Amino acid sequence: MKRVRLTFFVFIFLVNGCITGSSIRELEGPFVVTNAVDGDTFDFGNNERVRMSGINTPETGECYYKEAKEKLAELILHKEIYLERDRSDKDKYERLLRYVFVENENINLELVENGLANPYIYDTDKYTQSLRDAWLTCIKENKNLCEKSKDECADCVELEELDVKSQTLILYNSCNFPCSLEDWTIKDEGRKKFVFPDFILKSNNEVKIKIGNETDTESVLFWKGKDYIWTFGGDTLFLRDSEGKLVLWESY
């Protein structure tokens, strides 16, 4: 049985007794898409660039990068689209943050449902629940990024604890044989990724993964070069095998 304990803090900011952010939205457009940059970024008009809100697709070199980019092009390239502004207008790269619609279809959700993007909920939004539901649909249909690992250890390795305050997690091997985790990956909703070294998780044993630049041991591995991984406002942990197939995921 899966054993998991989540430890975290949630902060809600109120203004005059109300949660900040407006639910009133207006659609912009129509615009014609001129270029699909990758699975969640595209250009329209006079070199205007959009970073699609609420999702994250694989980067160059990762599994399903090509498929995500091709799917986005299929859905929107040279087509008329409408855009809905996120709570923030632009990201730090000056890209527009938007939800994208073609003939009333939410393309952001469609990419998640097809297993070519995972939800990236960096700020609770009107589509937060829809994005989570889309991911559950993807899991049920076992598509692409949601495809379950066939590794013999996929049913052995469990998330025992995720402690957001201390930025540590513990994995446990519940089987009566050791599991090689070499080239398995841990990832958040965004771009942070940990790749396991040549590491054996012994039978009925656990390993802790924590931030730091110290030397790895048999019971602790260090996620180097990071100040934090797990955001306090909510995030998802994805554990994948060496072929990129999903072993487990946990949202908080």
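Residues numbered from 1 in each chain as written. Predicted model: local features only at pLDDT ≥ 70, side-chain atom pairs only at ≥ 80, totals over all residues. Heavy atoms only, no water.

**Q** Would you take a moment to explain the overall build of the protein for this structure?
**A** Along its length, the protein carries three helices and 21 strands. Relative to the compact-globule value of 18 Å for 252 residues, the protein shows a C-alpha radius of gyration of 19 Å, a close match. Structurally, the protein occupies a C-alpha span of about 60 × 45 × 35 Å along its principal axes. Burial status across the protein gives 47% buried among its 252 residues. Sequence separation of 24 or more characterises 60% of the internal contacts of the protein that already satisfy a separation of 6 or more. Total accessible area computed for the protein in this model is approximately 13400 Å², and 48% of it derives from carbon and sulfur atoms. Across the protein, the mean location of the 34 positive side-chain charges is 2 Å away from that of the 47 negative side-chain charges. (Helix = DSSP H or I, 4+ residues; strand = E, 2+ residues; numbered from the N terminus. Rg over C-alpha atoms; globule rule 2.2 N^0.38 Å. Buried < 20%, exposed > 50% of the residue type's maximum accessible area, 1.4 Å probe, protein only. Contact = heavy atoms within 4.5 Å. Areas by Shrake-Rupley, 256 points an atom, 1.4 Å probe, with all protein chains shown as cover. Lys, Arg positive; Asp, Glu negative; His and termini not counted. Charge placed at Lys NZ, Arg CZ, Asp CG, Glu CD.)

**Q** Looking at this model, I keep getting lost on the packing of aromatic side chains. Mind explaining?
**A** Two descriptors summarise a pair of aromatic rings, namely the distance from one centre to the other and the angle between the planes of the rings. Overall, the coordinates contain nine aromatic pairs when judged by the stated rule. For the pair Trp-135 and Trp-249, a centre-to-centre distance of 6.0 Å together with 85° between the ring planes defines the contact as edge-to-face. You can see Trp-135 sitting in helix 3 (residues 128-141) and its partner Trp-249 sitting in strand 21 (residues 246-251), a full 114 residues away along the chain. Members of the aromatic cluster, joined through ring pairs, are Phe-194, Phe-196, Phe-199, Trp-223 and Trp-230. (Phe/Tyr/Trp six-rings, centres within 6.5 Å; stacked < 30°, edge-to-face > 60°.)

**Q** What am I meant to see in the confidence of the model for the protein here?
**A** Residues shown with low pLDDT carry predicted positions that ought not to be read at fine detail. The predicted model of the protein averages 91 in pLDDT, with 90% of residues at 70 or higher. Contacts of residues 7-23 to residues separated by more than four positions or lying in other chains number 19 contacts, the stretch itself having pLDDT below 50. (pLDDT = per-residue confidence, 0-100.)

**Q** Whenever I open this one, the sheet that holds strand 20 (residues 236-240) confuses me. Can you help?
**A** Paired through their backbone hydrogen bonds, the strands of a sheet run either parallel or antiparallel. Read across the open sheet, the four strands follow the order 16-15-20-21; overall the sheet is antiparallel. Each edge of the sheet is formed by a strand with only one pairing partner; in this case those strands are strand 16 (193-195) and strand 21. Each strand axis lies, on average, 10° off the axis of its neighbour in the sheet, ignoring direction. As paired strands, strand 15 (residues 185-187) and strand 16 are joined by three bridges and run antiparallel to one another. Within the sheet, the bridge partner assigned to Ile-186 lies in strand 16 and is Phe-194. Along the sheet, helix 3 contacts strand 20 and strand 21; its crossing angle with strand 21, the most-contacted strand, is approximately 155°. (Pairing = 2+ DSSP bridges. Axes fitted to C-alpha atoms, helices over the stretch in contact; angles between N-to-C directions.)

**Q** Just checking my understanding: could you explain the state of the cysteines for this structure?
**A** Working definition of a disulfide: a covalent bond connecting the sulfur atoms of two cysteines. Inspection of every chain in the model, using the stated rule, returns three disulfides. For Cys-153, the disulfide goes to Cys-179, at an S-S distance of 2.1 Å. Disulfide Cys-153 to Cys-179: torsion about the S-S bond roughly -95°, handedness left-handed. Separated by 26 residues along the polypeptide, Cys-153 in the loop between helix 3 and strand 12 (157-163) and Cys-179 in strand 14 (residues 179-180) bring together distant segments of the chain. You'll find Cys-153 and Cys-179 in the same group, each marked buried. Disulfide pairing is shown between Cys-156 and Cys-175; the S-S distance is 2.0 Å. When the S-S torsion is -85°, as for the bridge of Cys-156 with Cys-175, the disulfide is left-handed. With a gap of 19 residues between them, Cys-156 in the loop between helix 3 and strand 12 and Cys-175 in the loop between strand 13 (168-173) and strand 14 connect regions that are remote in the sequence. Classification of Cys-156 by relative accessible area gives buried; the value is 1%. Taken N- to C-terminal, the disulfide-bonded cysteines of the protein are connected 1-2, 3-6, 4-5. Note on Cys-63: no disulfide assigned, nearest cysteine sulfur contributed by Cys-146 at a separation of 13 Å. (Disulfide = S-S within 2.5 Å.)

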